[in-house]
Amino acid sequence: MTRKNILNAKRIVIKIGTSSLILPNGKINLSNIDDLAFVLSDMNNKGFEVILVTSGAVGVGMNVLGMEKRPMEIAQQQALASIGQVELMSLYTQMFHRYSQKVSQLLLTRDVTDFPLSRENAENALEALLSLNIIPIINENDVVAIDEMDHQTKFGDNDKLGAIVAKLVNADLLIMLSDIDGLFDKNPTLFDNAKIFTEINSITDELRAAAGGAGSRFGTGGMASKLAAAQILFDNQQEMVLTNGTRIREISDILAGKEIGTYFHQ
């Protein structure tokens, strides 16, 4: 069955998780980044307005320093984010340049999107970039973002950031690239009879219970964070597709309305 609403989508936010950027051995997944650059550049050439929300700064920083275990200390994580963000943007710039596509970088914190004046500035900057056919690449500013009782600047995870960016730019669709084919009724890595939900129309307590917990050792997201992101979109009458980040070229099929991944809509 064709997902007809998606056929009319023009402004698309793509969110890619750390698990799609970093291989299980901790090395950078260069083929995935190349596929991402190709597909998004092709979309831009076809008239789509594309925004990329990326994770991966800490994971890439770990790769640069040859670290196998993510440190617990916040300052160490911030240092890794600082190192990794430079390398990550360098990779993106090189890959997109292969397809003659210009990109830009925006690093956001939650107070930017919460405070009206700074939110308006971010909106204006994004609109200007899109009008110039530039693909903005957005990440959380993990180097300075903190989450304390009197000063909260962290989004929590980049799944939520992806949804907030989609809301910020009034996107027609958020495509969330994860390490799984979609949302299942139980963990498909543990249960052979796990079934994928092709469509979700509301976020229920049963879904939250089935979503489980954390993500990979290189990232922070899990299914629960993806449901939280979907709820943000539902609250803003927006839509999302959750799909596997190892098959990035299927984005074209998703935009053609094919039944891939889990489609969140109301």
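Looking at an unreviewed UniProt entry, the protein chain carries the name Glutamate 5-kinase, with the source organism given as Lactococcus nasutitermitis. As its UniProt record puts it under Pathway (unreviewed entry), the protein chain is described as follows: "Amino-acid biosynthesis; L-proline biosynthesis; L-glutamate 5-semialdehyde from L-glutamate: step 1/2."

Peer 1: What am I meant to see in the sheet that holds strand S3 (residues 103-108) here?
Peer 2: Hydrogen bonds between backbone atoms are what pair the strands of a sheet, whose relative direction is either parallel or antiparallel. Taken in spatial order, the eight strands line up as S3-S4-S2-S1-S7-S9-S10-S8 in an open sheet, and their pairing is mixed. Each edge of the open sheet is held by one strand with a lone partner, namely S3 and strand S8 (199-200). Relative to strand S10 (residues 262-264), S8 runs parallel, the two sharing two bridges. Bridging across to S10, Ile200 finds its partner in Phe264.

Peer 1: What should I look at first to understand the UniProt feature "binding site: substrate" (unreviewed entry) in the protein chain in this one?
Peer 2: When the UniProt feature table is mapped onto this chain, "binding site: substrate" (unreviewed entry) is found at Ser55, Asp142 and Asn158. In terms of the greatest pairwise C-alpha distance, the residues named above, spread along 104 residues, form a tight cluster of at most 10.5 Å across. Along the chain, Asp142 turns up in the loop between strand S4 (135-140) and strand S5 (147-148). Among the structural elements, Asn158 can be located in helix H8 (residues 158-168).

Peer 1: How should the packing of H8 against helix H10 (residues 223-235) be read in this particular structure?
Peer 2: Helix-helix packing is characterised by the crossing angle of the two axes and by the distance between the axes. Contact geometry for H8 and H10: axes closest at 8 Å, N-to-C directions at 15°. Our classification of the angle between H8 and H10 gives roughly parallel. Regarding H8 and H10, the two cross each other, and that crossing is right-handed. Two secondary-structure elements touch here, H8 through Asp159, Lys160, Ala163, Ile164 and Ala166 and H10 through Ser225, Lys226, Ala229, Ile232 and Leu233.

Peer 1: Would you explain the pairing of strand S1 (residues 11-16) in this entry?
Peer 2: Every other side chain in a regular strand lies on the same face of the sheet, so the side chains alternate between the two faces. With six of six residues buried, S1 is to be regarded as a mostly interior element. By the alternation rule, side chains of S1 split into Arg11, Val13 and Lys15 and Ile12, Ile14 and Ile16, which are all buried. With six bridges joining them, S1 and strand S2 (residues 49-54) adopt parallel strand pairing. Bridging from a neighbouring strand, Ile14 pairs with Leu52 of S2.

Analysis parameters
- Residues numbered from 1 in each chain as written.
- Predicted model: local features only at pLDDT ≥ 70, side-chain atom pairs only at ≥ 80, totals over all residues.
- Heavy atoms only, no water.
- UniProt positions renumbered as here; feature names shortened; annotations may be inferred.
- Pairing = 2+ DSSP bridges.
- Helix = DSSP H or I, 4+ residues; strand = E, 2+ residues; numbered from the N terminus.
- Axes fitted to C-alpha atoms, helices over the stretch in contact; angles between N-to-C directions.
- Parallel < 35°, antiparallel > 145°, perpendicular 65-115°, else oblique.
- Left-handed = near helix turned anticlockwise from the far one by under 90°.
- Contact = heavy atoms within 4.5 Å.
- Buried < 20%, exposed > 50% of the residue type's maximum accessible area, 1.4 Å probe, protein only.

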